[in-house]
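Secondary and tertiary structure notes
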Amino acid sequence: MQRIFIKGIKGGIGSTSVVANLACVLKKSDVDVVAIDLDAKSDLGLHFGLKWTATKGWSNESTFDDALLHFRKDSDGVLFLPHGDNEATLDEIIATINNCKKLDYKGSAWIIFDCPSHINISHYPLEENDIVIELVTCDAICHSLIYKRLQTLKSVESSWKHFFVVNRYNAASVLEFDLFSLWQSTLPFMAPFFINSDEVIKEATANRNVALNCAPYSVANDDFETLAGWLVSKAAN
Ligand SMILES: Nc1ncnc2c1ncn2[C@@H]1O[C@H](COP(=O)(O)OP(=O)(O)OP(=O)(O)O)[C@@H](O)[C@H]1O
Ligand SMILES: [Mg+2]
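Below or above, wherever it landed, is the structure these notes cover. The model shown is predicted, which means the values in this text are computed figures rather than measured ones.

Right, let's get into the site of ligand 1. Neighbouring ligand 1 are 17 residues; G12, G14, T16, S17 and R168 lie closest to it. Note that an oxygen atom of ligand 1 is positioned 3.2 Å from one of the backbone N or O atoms of I13. In the model, an oxygen atom of ligand 1 is placed 2.8 Å from a nitrogen or oxygen of the R168 side chain. For ligand 1, whose accessible area on its own is 630 Å², the fraction buried by protein is 82%.

Below you can see the structure in the form of structure tokens.
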């Protein structure tokens, strides 16, 4: 089972939207795809058709066996586990990540974690084959946050595969073009593509769905296909 951890380098960059859209695109290849919400906002389910009134999830249970009862399947066949409305400690989040290893899936399965932006990724029980994606936007704040993150990555023994992926890219902005070009030519771990800013992502969420189902020929859906294909190649390496 390939584990993917997705988080924003700061809040609001789009990690939950990316997890949901990516999960549905990966599911098209008829592999098992599981999405786990590790964020106390518990909003991942909204992209999979879950009503906001369904508030319970793994954080409401004291054992993983009970948490299993909260797994749901969306219309594309993606299995997802909502966070729920109980505050979880870091230890409980770590236990949930570890317990997910007990899920009995084939090697070809994907498990994608929607990680809150405020928890440093190195606190998680990461392993050699894990892929961590930190989402960034092309602005000055992310520019400095990426450099700070590269410093911390140097100081920890990171054996996992760590990448930065640009989300909400505005092709009309000269500053964004310049920053993206600079990062591509000077920084390690930058994915060689970006996810465009596209209203389709917001509209799909308004329909409690993803771009694949609401606008399959959109720029956004093309971008998620690119991300999925690139991840397949990274998982194989
Ligand atoms: N590529 C994109 N183009 C346009 N809008 C986007 C894109 N990605 C995300 N959004 C929008 O940005 C907003 C924040 O997205 P989302 O909730 O996925 O971010 P997040 O990183 O999970 O936030 P948080 O840190 O609060 O968990 C939403 O309105 C979403 O529709
Ligand atoms: Mg989120």
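From this point, the discussion proceeds with the structure in view.
The subject of this paragraph is the pattern of salt bridges. Under the counting rule described, the total for this entry stands at nine salt bridges. For D85, the salt bridge is made with K56, and the minimal N-O distance between the two is 3.2 Å. In this pair, D85 sits in the loop between β4 (79–81) and α3 (90–99) while K56 sits in the loop between β2 (33–37) and α2 (64–67), placing the two residues 29 residues apart along the sequence. For D85, a relative accessible area of 45% corresponds to the partly exposed category. Each of K7, E134 and R149 takes part in a single network of salt bridges with overlapping partners.

In this section: the environment of A206. Topologically, A206 is positioned in helix α6 (residues 199–206). In this structure the C-alpha to C-alpha distance between A206 and A20, which are 186 residues apart in sequence, comes to 13 Å.

Spatially, the eight strands line up as an open sheet ordered β3-β4-β2-β5-β1-β6-β7-β8, and their pairing is mixed. One side of each edge strand has no neighbouring strand; the edge strands of this open sheet are β3 (72–73) and β8 (190–196). One ladder, built from three bridges, connects β2 with β4; its direction is parallel. Bridge pairing in β4 places A35 opposite F80.

If you walk through the whole model with that rule in mind, you get zero disulfides. In this structure C138 is a free cysteine whose sulfur lies 8.2 Å from that of C142, the closest cysteine sulfur available. Take C138: its relative accessible area is 4%, and that puts it in the buried class. In this structure C214 is a free cysteine whose sulfur lies 9.9 Å from that of C24, the closest cysteine sulfur available. Note on C214: relative accessible area 38%, which makes it partly exposed.

Scoring rules and cut-offs
Residues numbered from 1 in each chain as written. Chains lettered and ligands numbered in written order. Predicted model: local features only at pLDDT ≥ 70, side-chain atom pairs only at ≥ 80, totals over all residues. Heavy atoms only, no water. Near = heavy atom within 4 Å. Polar contact = N/O pair within 3.5 Å; in protein donor to acceptor, adjacent residues only side chain to side chain. Areas by Shrake-Rupley, 256 points an atom, 1.4 Å probe, with all protein chains shown as cover. Salt bridge = Lys/Arg side-chain N within 4 Å of Asp/Glu carboxyl O. Helix = DSSP H or I, 4+ residues; strand = E, 2+ residues; numbered from the N terminus. Buried < 20%, exposed > 50% of the residue type's maximum accessible area, 1.4 Å probe, protein only. Pairing = 2+ DSSP bridges. Disulfide = S-S within 2.5 Å.

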